[in-house]
Amino acid sequence: MTEIYVSLTCPFCMKVMRAAEEMGLTEGKDYVIVDAAPGTPGRKKVVDTGGKSMVPFLMDGEHWMYESDDIIGYLRSKFDA
Ligand SMILES: N[C@@H](CCC(=O)N[C@@H](CS)C(=O)NCC(=O)O)C(=O)O
């Protein structure tokens, strides 16, 4: 499952979530949102995986990335959207 780690106060995260919605993707079916606000287990996972304390962060099996534009491009490609 594609996991997108976000903090709800982060405009780059909002951009990614809006793009996913505009692609017609469904949260819980196509991808899951994980709370990665500072101090959460989600943020720890982000740092442990990618080495940086930054969101948005996408993880899909072996694939992970930080840049919002890369995340949107990945979703477009994966879902042909
Ligand atoms: N280049 C990144 C910028 C992401 C970014 O600046 N994220 C901020 C939040 S909006 C961040 O993670 N700051 C550190 C923090 O929240 O602890 C992108 O476009 O995704």
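Let us look at the structure shown here.

Reading the values: rules and limits
Residues numbered from 1 in each chain as written. Predicted model: local features only at pLDDT ≥ 70, side-chain atom pairs only at ≥ 80, totals over all residues. Near = placed C-beta within 6 Å. Nonpolar A, V, L, I, M, F, W, Y, C, P; charged D, E, K, R; others polar. Helix = DSSP H or I, 4+ residues; strand = E, 2+ residues; numbered from the N terminus. Expected span 1.5 Å × (residues − 1). Buried ≥ 20, exposed ≤ 12 C-beta atoms within 10 Å, placed from the backbone. Arc of directions from axis to C-beta. Contact = placed C-beta atoms within 7 Å. Pairing = 2+ DSSP bridges. Axes fitted to C-alpha atoms, helices over the stretch in contact; angles between N-to-C directions. Core = buried A, V, L, I, M, F, W, Y, C linked by C-beta atoms within 7 Å.

Examining the site of the ligand
Around the ligand sit Ser7, Cys10, Pro11, Phe12, Pro38, Ser53, Met54, Val55, Pro56, Glu67 and Ser68, and that is every residue in its neighbourhood. Residues belonging to the shell around the ligand are distributed by class as follows: 7 nonpolar, 3 polar and 1 charged.

Overview of helix H1 (residues 11–22)
Under the 1.5 Å per step criterion, the end-to-end length of H1 is 16 Å for 12 residues, consistent within 8% with the ideal 16 Å. Regarding H1, the residues found buried are Cys13, Val16 and Ala20. The arc that holds every buried residue of H1, seen down its axis, measures 60°, which confines them to one face. Turned more than 90 degrees away from the buried face of H1 sit Pro11, Arg18, Glu21 and Glu22, all of them exposed. For H1, the elements touching its buried residues are strand S1 (2–6), strand S2 (31–35) and helix H3 (68–79). The first or second residue beyond H1 is Gly24, which carries a positive phi of 85°.

Some details on the sheet that holds strand S4 (residues 63–65)
Spatially, 4 strands are ordered S2-S1-S3-S4 in an open sheet, and the strand pairing comes out mixed. Two strands bound the open sheet, and with one partner strand each, they are S2 and S4. If you compare each strand with its neighbour and ignore which way they point, the axes differ by 15° on average. When S1 meets strand S3 (residues 57–60), the two strands line up antiparallel, connected through 3 bridges. In the strand pairing of S3, Tyr5 is matched with Phe57.

Some points on the environment of Glu22
Here Glu22 lies in helix H1. The spatial distance from the C-alpha of Glu22 to the C-alpha of Ala81 is 9.2 Å, given a sequence separation of 59 residues.

Description of the nonpolar core
Grouped together as the largest cluster of nonpolar side chains are 15 residues, with contacts concentrated most on Ile4, Tyr5 and Val55. Excluding its chain neighbours within four sequence positions, the residues that come into contact with Val55 are Tyr5, Val6, Ser7, Cys10, Cys13, Ala36 and Val46.

Quick notes on helix H2 (residues 41–50)
Along H2, the positions that sit buried rather than exposed are Gly42, Arg43 and Val46. Angularly, the buried residues of H2 cover 100° about the axis, an arc narrow enough to put them on a single face. For H2, exposure combined with an orientation more than 90 degrees from the buried face picks out Pro41, Lys44 and Asp48. Where H2 ends, the next residue or the one after it, Gly51, has phi of about 90°, a positive value.

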